[in-house]
Amino acid sequence: MPRLYSRTDAGRRAWDSQNTLVPLDCRRVLGFVAHETPPGDIRERLGWSEAAVDEILKELEEGGLIRSKSVETGPEESALDFTGQFLVADIEAAQQRFRDDLDFTGPLSSDDLRAAREKK
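This text gives an overview of the structure that appears in the document. (Residues numbered from 1 in each chain as written. Predicted model: local features only at pLDDT ≥ 70, side-chain atom pairs only at ≥ 80, totals over all residues. Heavy atoms only, no water.)

1. A look at the overall build of the protein chain
Inference 1: Across its full length, the protein chain holds 7 helices and 2 strands.
Inference 2: Ordered by position from N to C terminus, the α and β elements of the protein chain give β-α-α-α-α-β-α-α-α.
Inference 3: Per-residue burial over the protein chain gives 22% buried out of 120 residues.
Inference 4: In the form shown here, the protein chain has an accessible surface area of approximately 9,500 Å², with 52% of it arising from carbon and sulfur atoms. (Helix = DSSP H or I, 4+ residues; strand = E, 2+ residues; numbered from the N terminus. Buried < 20%, exposed > 50% of the residue type's maximum accessible area, 1.4 Å probe, protein only. Areas by Shrake-Rupley, 256 points an atom, 1.4 Å probe, with all protein chains shown as cover.)

Structure representation (structure tokens):
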């Protein structure tokens, strides 16, 4: 399950002070952890392997400098389903209905305005 990482208050203090008790590689990773950062973003920016980044993230989490949360992803959240049947005639009819509804080119009388105001 994918994880997102965020700095804790201790992590912010360690980053802001550039505390040398935190190893340089850990500080580099900590610098790229913001609010709900995916590890892939960190790997991309640093150009490091997945194993190297995951190891440091684990170390930072154990030290209380970051926290992680699992996120669920699934086809219902990330994919569109186009497996049904589309009929071109249905789409064209829907487009025409929308055009008709948005046609403001016709004459508009004061009676039409009063009727529209009363509908509200």
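2. Points about the side chain of Thr8
Inference 1: You can see Thr8 is positioned in the loop between strand S1 (3–7) and helix H1 (9–17).
Inference 2: For Thr8, the residues in contact, after removing those within four places along its chain, are Gly64, Leu65, Ile66 and Arg67. (Contact = heavy atoms within 4.5 Å.)

3. Regarding the pairing of S1
Inference 1: Burial of S1 is extensive: 4 of the 5 residues sit out of reach of the surface.
Inference 2: Relative to strand S2 (residues 66–70), S1 runs antiparallel, the two sharing 5 bridges. The partner of Ser6 across the bridge, within S2, is Arg67. (Pairing = 2+ DSSP bridges.)

4. Here we look at the nonpolar core
Inference 1: In terms of nonpolar packing, the biggest core is built from 15 residues, with Val29, Val33, Ile42, Leu57, Leu60 and Ile66 touching the most fellow members.
Inference 2: Only helix H2 (24–32), helix H3 (39–46) and helix H4 (50–62) provide two or more residues apiece to this core.
Inference 3: If one sorts the elements of this core by residue count, H4 sits on top with 4 residues.
Inference 4: If we ignore the near neighbours within four places in the chain, the residues touching Ile66 are Tyr5, Ser6, Arg7, Thr8, Leu30, Val33, Leu57, Leu60 and Glu61. (Core = buried A, V, L, I, M, F, W, Y, C linked by side-chain atoms within 4.5 Å.)

5. Let's talk about unusual backbone geometry
Inference 1: Phi is positive for Gln18, which is not a glycine, with a value near 50 degrees.
Inference 2: Overall, the relative accessible area of 33% leaves Gln18 in the partly exposed class.
Inference 3: Not every positive phi belongs to a glycine, and Glu36 is a case in point at roughly 55 degrees.
Inference 4: Here Glu36 shows up in the loop between H2 and H3.

6. Comments concerning the pattern of salt bridges
Inference 1: Under the criterion given, the structure shown has 5 salt bridges.
Inference 2: Across the pair Asp25 and Arg28 runs a salt bridge whose closest N-O atoms are separated by 3.3 Å. Placement of the pair is Asp25 and Arg28 together in helix H2, with a separation of 3 residues, close to one helical turn.
Inference 3: The exposure class of Arg28 is partly exposed, given its relative accessible area of 39%. (Salt bridge = Lys/Arg side-chain N within 4 Å of Asp/Glu carboxyl O.)

7. Considerations on the packing of H2 against H4
Inference 1: The N-to-C vectors of H2 and H4 enclose an angle of 90 degrees; their axes lie 10 Å apart at closest approach. Between H2 and H4, the interaxial angle falls into the category roughly perpendicular. Facing H2, whose interface residues are Asp25, Cys26, Val29 and Leu30, H4 presents Ile56, Leu57, Glu59 and Leu60.
Inference 2: Class assignment of the residues belonging to the contact of H2 with H4 gives a composition of 6 nonpolar, no polar and 2 charged. (Axes fitted to C-alpha atoms, helices over the stretch in contact; angles between N-to-C directions. Parallel < 35°, antiparallel > 145°, perpendicular 65-115°, else oblique. Nonpolar A, V, L, I, M, F, W, Y, C, P; charged D, E, K, R; others polar.)

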